[in-house]
Each structure stands twice: as structure tokens, then as C-alpha cells.
Amino acid sequence: EDQVTQSPEALRLQEGESSSLNCSYTVSGLRGLFWYRQDPGKGPEFLFTLYSAGEEKEKERLKATLTKKESFLHITAPKPEDSATYLCAVQARYNTDKLIFGTGTRLQVFP
Amino acid sequence: KAGVTQTPRYLIKTRGQQVTLSCSPISGHRSVSWYQQTPGQGLQFLFEYFSETQRNKGNFPGRFSGRQFSNSRSEMNVSTLELGDSALYLCASSLGPENQPQHFGDGTRLSIL
């Protein structure tokens with residue numbers, strides 16, 4: 001069964017303290033892996049798409065990487081405004097209509 | 001460019017009632033997907049519509065249904081509401097079924113009393 005597991009569930013960082021979020025996946029043929037950011041009371045906001053192992057994408061303080069079994073979201077020198085829940089989702093080759101989501105990592109960055 | 005619009009933002013219903021939620025996709029997007037988000041289960045796929053046809057359905061009971069109109073707007077309906085249906089219902093749109101990423105609205109918060 002296709003599934004996505006994210007760790008840790010929650011992460012507290014001091015401003016400037018870099019860290020990584022993990023997304024492990026099991027899917028029968030990966031078409032794409034997606035990272036979203038969700039703020040309280042809002043819908044998920046798209047961050048990155050990764051398609052193949054070895055691919056990397058960057059946006060400001062965030063960098064996403066992909067291997068054949070997992071993806072990492074690296075946060076460099078985070079700021080309080082980076083506080084949010086980060087969601088990982090996969091799209092399978094055989095079923096492109098839907099995304100399978102992990103339960104997210106809740107990140108809090110303190111000044 | 002306007003994003004995905006969902007109405008209403010909040011709803012309070014009682015058990016046994018039914019409810020209809022609305023979603024207007026991003027202009028030009030023809031695929032609309034619905035998800036249920038709860039603290040314990042995260043985002044769970046409900047169904048996906050393209051060209052007014054349901055292409056895929058998640059593992060939810062038949063009380064959950066939806067439809068899409070010719071202008072790509074979509075509605076979902078939940079009949080005979082149960083306490084466990086309390087959740088954030090999210091709509092996402094994309095250019096087509098295989099065109100990612102999906103872009104999400106801010107959801108409808110449904111509370112069942």
C-alpha cells in the first residue's frame with residue numbers, strides 16, 4: 001500500500017538553527033513528490049515538486065532533496081515566519097489523479 | 001490571478017443533516033480534487049473531477065458525493081452527517097488530472113454538533 005511518513009511530528013528551533021525534515025515514502029512507481037506549507041486556518045501552499053532521485057530544488061531558506069526512498073526539506077537559518085506545518089505528498093505513476101499525504105511536521109521557530 | 005475559492009469558510013450542522021460545499025478553481029484549471037483534513041488522519045483524498053466526470057474516488061462512504069459543472073466549478077455534498085465528519089474540507093485545482101501541482105483553497109471548516 002502506498003504511504004508517506006513524515007518525521008519528526010513536531011520540531012522546535014531557535015532562530016538561525018538549521019535543521020531537516022524527513023519524508024519517507026512507499027509508492028508503486030513515483031511520478032512526483034511535493035512539498036507544501038500550511039499555516040493555521042489556511043490551505044496548503046505549494047513549495048516544490050521533485051521528480052527523480054538526486055533532484056534538488058531551492059527557495060529562499062528551503063531546499064528539498066529526493067532519493068529513491070525519502071525526501072528531505074532542509075531549512076537553513078530559519079526565521080520565526082518559517083513556523084508552519086510542512087506537508088509531503090506523493091503522486092503514483094499508476095494513479096495520477098490523487099496525492100497521498102503524510103501527516104506533516106509542525107515547525108516552530110523561536111526568536 | 002485569483003486562487004482557489006471555497007465557500008462557505010465555516011459551517012455548523014447537526015447530526016443527520018446534509019451539507020453542500022462549493023469550490024471555484026483557478027481560472028483555466030479544469031481538474032478539481034477534494035480532500036478531508038483531520039488532526040488524526042491528515043489529508044485524505046475524497047474524489048477528483050475533470051470535464052464534469054469523476055475520475056477517481058477515495059475510500060469514503062457513499063454519503064460523500066460531488067459534481068463538477070461545465071465552468072469547472074465543483075460542489076461536494078455530504079448527507080446524513082455524523083460527528084466524525086467534522087473536519088476541514090479542502091479543494092484543490094490543477095490544469096488537468098496529470099498536471100501537478102495541485103493548488104489548494106483555504107477550505108471549509110465543518111463542525112457537527
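Residues numbered from 1 in each chain as written. Chains lettered and ligands numbered in written order. Predicted model: local features only at pLDDT ≥ 70, side-chain atom pairs only at ≥ 80, totals over all residues. Heavy atoms only, no water.

Asker: I tried to follow the overall build of chain B on my own but got confused; where do I start?
Answerer: Along the backbone of chain B there are zero helices and 11 strands. Counting from the amino terminus, helix and strand elements in chain B follow one another as β-β-β-β-β-β-β-β-β-β-β. Expected size for 113 residues packed as a compact globule is a radius of gyration near 13 Å; at 13 Å, chain B falls within 12% of this value. Once the C-alpha set of chain B is aligned to its principal axes, its extents read approximately 40 × 25 × 25 Å. Taking all 113 residues of chain B together, the buried fraction comes to 51%. (Helix = DSSP H or I, 4+ residues; strand = E, 2+ residues; numbered from the N terminus. Rg over C-alpha atoms; globule rule 2.2 N^0.38 Å. Buried < 20%, exposed > 50% of the residue type's maximum accessible area, 1.4 Å probe, protein only.)

Asker: Help me understand the packing of aromatic side chains, please; the structure alone is not making it clear to me.
Answerer: Think of a pair of aromatic rings as described by two things: how far the centres are apart, and how the planes are tilted against each other in angle. Residue and element names in this part refer to chain B. For the structure shown, the criterion picks out 10 aromatic pairs over all chains. Judged by centre distance (5.7 Å) and plane angle (70 degrees), the rings of Phe 47 and Tyr 49 are edge-to-face. Just as Phe 47 is buried, Tyr 49 falls in that class too. Consider the rings of Phe 64 and Tyr 89, whose centres lie 6.5 Å apart with planes at 35 degrees: the pair is tilted. Of this pair, Phe 64 sits in strand S7 (residues 64–68) while Tyr 89 is found in strand S9 (residues 87–94), placing the two residues 25 residues apart along the sequence. (Phe/Tyr/Trp six-rings, centres within 6.5 Å; stacked < 30°, edge-to-face > 60°.)

Asker: Explanation requested: the pattern of salt bridges in the structure shown.
Answerer: In a structure, side chains of opposite charge can pair up when their charged atoms sit close to one another. Scanning the entire structure with this criterion turns up 10 salt bridges over all chains. The residue Lys42(A) makes a salt bridge to Asp106(B) at a minimum N-O spacing of 3.9 Å. In this pair, Lys42(A) is assigned in the loop between strand S4 (30–38) and strand S5 (45–50) and Asp106(B) in the loop between strand S10 (103–104) and strand S11 (108–112), connecting two distinct chains. Under the relative-accessibility criterion, Asp106(B) is labelled partly exposed at 27%. Notably, a salt bridge pairs Glu75(B) with Arg67(B), separated by 3.3 Å at the nearest N-O pair. By relative accessible area, Glu75(B) is classed as buried at 17%. (Salt bridge = Lys/Arg side-chain N within 4 Å of Asp/Glu carboxyl O.)

Asker: Teacher, can you tell me more about the interface of chain A and chain B here?
Answerer: A common way to express how large an interface is: the accessible area buried when the components associate. Taken together, the contact pairs 19 residues of chain A with 23 residues of chain B. Carbon and sulfur atoms supply 49% of the area that chain A and chain B bury against each other, a total of about 1700 Å² over both sides. For chain A, the biggest contributors to the area lost against chain B are Pro44(A), Asp97(A) and Phe101(A); these three give 31% of the whole. Scanning the region where chain A abuts chain B turns up one salt bridge. Among the elements of the structure, S4, S5, strand S9 (84–92) and strand S10 (95–101) of chain A are those that each provide at least two residues to the side of chain A that touches chain B. By residue number, the principal contributor to the side of chain A that touches chain B is S10(A), which donates six residues. Looking at the side of chain A that touches chain B residue by residue, the class counts come to seven nonpolar, eight polar and four charged. (Contact = heavy atoms within 4.5 Å. Buried area = accessible area lost by both parts, 1.4 Å probe. Nonpolar A, V, L, I, M, F, W, Y, C, P; charged D, E, K, R; others polar.)

Asker: Help me understand the nonpolar core, please; the structure alone is not making it clear to me.
Answerer: One recurring pattern in soluble globular proteins: nonpolar side chains tend to sit buried together. Formed by 26 residues in total, the largest nonpolar core has its most connected members in Tyr25(A), Leu33(A), Trp35(A), Leu73(A), Tyr86(A) and Val90(A). Residues within four places of Tyr86(A) in sequence aside, it is in contact with Gln6(A), Leu21(A), Trp35(A), Tyr36(A), Arg37(A), Leu47(A), Leu62(A), Leu73(A), Gly104(A), Thr105(A) and Leu107(A). With 21 residues, the next largest nonpolar core counts Tyr49(B), Phe64(B), Tyr89(B) and Leu110(B) among its residues. (Core = buried A, V, L, I, M, F, W, Y, C linked by side-chain atoms within 4.5 Å.)

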